[in-house]
Amino acid sequence: MSQLTDNVEKHTALYVEAFNAGDFATVESFYTEDAVAVWEPRKALSGDARRAYQREFLKSGPKMTAVPRHTFVTGDTALLIVDWTIDTVDADGKPEHLKGVGGTVASSLGSLLLGLFEDDGQEDPAAVRAARAAAAVRDCLTLPAPPGGPRLPVAEGLSVYGAVCTGRAAPPRNTGGTTTGWSGGGLADDCQAMLASVAAGEIHVCDTTHRLTEAHATYRHACASASAPWELLSVADGPGGPGELTYGDRECELDLMRSMLSRTRRRSAPHMVTVLGSPGRGRTQLLMEFQRRVEQGETEKVRVLTATAAPAGAGTGGGGARMPADVLAAYCGIRSEEGTMMSSVRLDGAIARLTDDEDTRRRLLPALRSLLRSAEPVGEESLAAWREFLALAARAEPLVMIWDDLHHADAPLLDALDRTIAELDDVPVLHVVAADDRLLARRPHWSAGHPHTLVISLLPVADDALDRLLESLLLPKRETELAR
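Since the structure is predicted, the reported quantities are computational estimates derived from the model, not experimental observations.

Reading guide: rules and limits
- Residues numbered from 1 in each chain as written.
- Predicted model: local features only at pLDDT ≥ 70, side-chain atom pairs only at ≥ 80, totals over all residues.
- Heavy atoms only, no water.
- Helix = DSSP H or I, 4+ residues; strand = E, 2+ residues; numbered from the N terminus.
- Buried < 20%, exposed > 50% of the residue type's maximum accessible area, 1.4 Å probe, protein only.
- Contact = heavy atoms within 4.5 Å.
- Core = buried A, V, L, I, M, F, W, Y, C linked by side-chain atoms within 4.5 Å.
- Axes fitted to C-alpha atoms, helices over the stretch in contact; angles between N-to-C directions.
- Parallel < 35°, antiparallel > 145°, perpendicular 65-115°, else oblique.
- Left-handed = near helix turned anticlockwise from the far one by under 90°.
- Nonpolar A, V, L, I, M, F, W, Y, C, P; charged D, E, K, R; others polar.
- Phe/Tyr/Trp six-rings, centres within 6.5 Å; stacked < 30°, edge-to-face > 60°.
- Lys NZ or Arg CZ within 6 Å of the ring centre and 35° of its normal.
- pLDDT = per-residue confidence, 0-100.
- Pairing = 2+ DSSP bridges.
- Expected span 1.5 Å × (residues − 1).

Visitor: Help me understand the overall build of the chain, please; the structure alone is not making it clear to me.
Guide: If you tally the helices and strands in the chain, you get 15 helices and 21 strands. By the burial criterion, 49% of the 484 residues in the chain qualify as buried. Here the contacts in the chain between residues at least 6 apart in sequence split such that 67% fall between residues at least 24 apart.

Visitor: Hey, could you run me through the nonpolar core in this one?
Guide: Among soluble globular proteins, nonpolar side chains are generally buried collectively. Leu 328, Leu 368, Trp 386, Phe 389, Leu 399, Trp 403 and Leu 406 are the most contacted members of the largest nonpolar core, which totals 48 residues. Listing elements by their share of this core, those giving two or more residues are strand E17 (303–308), helix H9 (323–332), helix H10 (340–354), helix H11 (358–373), helix H12 (380–396), strand E18 (399–404), helix H13 (411–423) and strand E19 (429–435). In terms of residue count, the dominant contributor to this core is H12 (nine residues). Ignoring sequence-local partners within four residues, the contact set of Phe 389 consists of Leu 328, Tyr 331, Cys 332, Ala 350, Ile 351, Leu 354 and Leu 368. Core analysis: the next-biggest nonpolar cluster, separate from the first, contains 19 residues, Leu 287, Val 302, Val 400 and Ala 434 among them.

Visitor: What is the right way to look at the packing of helix H7 (residues 251–267) against helix H8 (residues 283–297) in this model?
Guide: Describing two packed helices takes the angle between their axes plus the distance from one axis to the other. Two numbers describe how H7 lies on H8: the axes approach to 11 Å, and their chain directions differ by 50°. Judged by the inter-axis angle, H7 sits oblique to H8. For the pair H7 and H8, the crossing hand works out as right-handed. Together, Glu 251, Glu 253, Leu 254, Met 257, Arg 258 and Leu 261 of H7 and Leu 286, Leu 287, Glu 289, Phe 290, Arg 293 and Val 294 of H8 make up the contact between the two elements. A class-by-class count of the residues in the contact of H7 with H8 yields seven nonpolar, no polar and five charged.

Visitor: How should I be thinking about the packing of H10 against H12 in this particular structure?
Guide: Where H10 meets H12, the closest approach of the two axes is 9 Å, and the angle between their N-to-C directions is 55°. One finds that H10 runs oblique with respect to H12. For the pair H10 and H12, the crossing hand works out as left-handed. Here Ala 350, Ile 351 and Leu 354 of H10 lie close against H12, whose contacting residues are Phe 389, Leu 392, Ala 393 and Ala 396. Of the residues that constitute the contact of H10 with H12, the class distribution is seven nonpolar, no polar and no charged.

Visitor: Can you walk me through the packing of aromatic side chains in this structure?
Guide: Each aromatic ring pair is described using two quantities: the centre-to-centre distance and the angle formed by the ring planes. Under the criterion given, the structure shown has six aromatic pairs. Plain terms: the ring middles of Tyr 15 and Phe 30 are 5.3 Å apart, the flat faces sit at 90° to each other, and that makes the pair edge-to-face. With Tyr 15 in helix H1 (residues 8–20) and Phe 30 in the loop between helix H2 (24–28) and strand E1 (36–40), the pair connects residues that are 15 residues apart, well separated along the chain. Relative accessible area serves as the criterion here: at 11%, Phe 30 is assigned to the buried category. Ring pairing ties together the aromatic residues Tyr 15, Phe 19, Phe 30, Tyr 31 and Phe 57, which thus form one cluster. Sitting over the ring of Phe 24, Arg 55 keeps its end group 4.1 Å from the ring centre.

Visitor: Would you mind showing me how to read the confidence of the model for the chain here?
Guide: Detailed conclusions should not be drawn from predicted coordinates in areas where pLDDT is low. Confidence in the prediction of the chain, expressed as mean pLDDT, is 74, and 70% of residues score 70 or more. Per-element mean pLDDT across the chain ranges from 30 in strand E21 (residues 480–483) up to 92 in E19. Across residues 462–484, confidence stays below pLDDT 50; counting only partners more than four residues off in sequence or on other chains, it has 69 contacts.

Visitor: I'm lost on the sheet that holds E17 in this one. Help?
Guide: Strands belonging to one sheet form pairs held by backbone hydrogen bonds; the direction of such a pair is parallel or antiparallel. The sheet built from five strands is open, its strands ordered E17-E18-E19-E16-E20 with parallel pairing. Both edges of this open sheet fall to E17 and strand E20 (453–457), since each of them pairs with a single strand only. Within the sheet, the average angular offset between the axes of one strand and its neighbour, ignoring direction, is 15°. Relative to E19, E18 runs parallel, the two sharing five bridges. Looking across to E19, one finds that Met 401 is bridged to His 431. The sheet strands contacting H8 are strand E16 (271–276), E17, E18 and E19, and the helix crosses E18 at an angle near 165°. Along the sheet, H9 makes contact with E17 and E18, crossing E17 at roughly 150°.

Visitor: Help me understand H12 in this model?
Guide: Owing to its 3.6 residues per turn, the α-helix aligns residues three or four sequence positions apart on the same side. For H12, which comprises 17 residues, the first-to-last C-alpha distance of 24 Å matches the rise-based estimate of 24 Å (1.5 Å per residue) to within 8%. Those residues of H12 lying buried are Ser 382, Leu 383, Ala 385, Trp 386, Arg 387, Phe 389, Leu 390, Ala 391, Leu 392, Ala 393 and Ala 394. Those residues of H12 that are buried lie in contact with H9, H10, H11, E18, H13 and E19.

Visitor: I'm lost on the sheet that holds strand E13 (residues 203–205) in this one. Help?
Guide: Within the open sheet, the four strands sit side by side as E9-E13-E15-E14. Their pairing is mixed. Two strands in the sheet have a free side with no partner beyond their single neighbour: strand E9 (162–164) and strand E14 (217–221). Here the average twist between neighbouring strands, direction ignored, is 40°. With three bridges joining them, E9 and E13 adopt parallel strand pairing. Bridge pairing in E13 places Gly 162 opposite Ile 203.

Visitor: Hey, could you run me through the environment of Leu 233 in this one?
Guide: By secondary structure assignment, the location of Leu 233 is in strand E15 (residues 230–235). With 98 residues separating them in the primary sequence, Leu 233 and Ala 135 have C-alpha atoms 7.9 Å apart. Contacts of Leu 233, omitting those with residues within four sequence positions, involve Arg 138, Thr 218, Tyr 219 and Arg 220.

Visitor: Even after reading the chapter, I still don't get unusual backbone geometry, so can you show me in this structure?
Guide: Phi is mostly negative for residues that are not glycine, and the peptide bonds are mostly trans. Its identity is not glycine, yet Ser 268 carries a phi of approximately 50°, on the positive side. Here Ser 268 shows up in the loop between H7 and E16. Positive phi is not limited to glycine here, since Asp 405 has a value of about 55°.

Visitor: Would you mind showing me how to read H8 here?
Guide: The terminal C-alpha atoms of H8 lie 21 Å apart, and with 15 residues this matches the ideal 21 Å at 1.5 Å per residue to within 8%. Burial analysis of H8 places 11 of its 15 residues in the buried class, which makes it a mostly covered element. Burial in H8 covers these residues: Arg 283, Thr 284, Gln 285, Leu 286, Leu 287, Met 288, Glu 289, Phe 290, Gln 291, Arg 293 and Val 294.

Below is the structure:
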């Protein structure tokens, strides 16, 4: 049970005290059992994975300062916005200074985040910045939608939806460090009412917001509500009109990855791209954008499968042990809440669609069932069946397989992936491996022994999109034209 303090003024100070002492147990008490934390862009963690990440980070002895900027309280829910810095060391043991603006919601009921934007002379009006911030949050916490389907959350059990409403409001006034209420909260009430008709993964806006932003954004008409008749699809990244959005200084890397995919398909042979760089340098964002463009932009069908290696010690999936099973389940459409019988039905159906050879089906099915059920390290028999299944799948349609955080993978998994790349020598599979420098420290000759390989080393980029998002979330201090 979380030990959230009932005094919001002390909440930040108590957290910083525990953090600086390296007291994992006390830091953990600030989180509810089902809490979702996003410490790296587009990577939401919960449960054992969240706890393992926090425990590992605290081992390096980081020191934090945090100064509350705004505190909003309504009922038993509080939203805290703080300016923070952390002094730590990087992967090479060199000093590293981090800073930013963070938000904490201390609540026992629900999770509703409110952002206020004012027209304060910036080049883009408040409504555009509000829409861009809403889209950025959605894109950080969801995966691109499959054809005809809704966007998918990055963490199981997470639902992300939003509304943007434009009008006049008097923001709450801060007294003694705590903001206690609205002076005329009709705008916030209207926006909250709009949320009732918004489906998970979507953002809807009012007519006024649509009128003010239509030169900068793309929309489609939604019939869910008269008060929120427009669904926001995308917003141009910076001043200017809508259209194909660019990815800043990462366009070169994206072009290289797309070229490797084209080469994979033309030659019907496996290729591999290794992306090296910490998630804070945009690695995970790059993978997400590449996946979106492949799924939405290819003229011929390409199947994208993704798996992320959890740190060692993060439950039964630590060391990447569950990655082969996760890939298999994703291909077969098996959901985590489904029982053994339904999982077996979906697996059998997937194999039947890929081959009509009964001997192959009888050989693969038991080993792959064992792979899906087992919480133990994957055996060679199951891995061999898994590789054969992937070969069948790739011959049916080209595959893109994204392996994220592979530096966490244990040696057997790295060996298995190495064999997968080497043995599937006549099928169109593009492996995209993402890791930090620890992968090369463990495997100095990684990818060197395979043909058709490319290594991309990411450097920090200027004008980071996440920094712009955080800067746009500064709350207004006076009555003005606002957008939520």
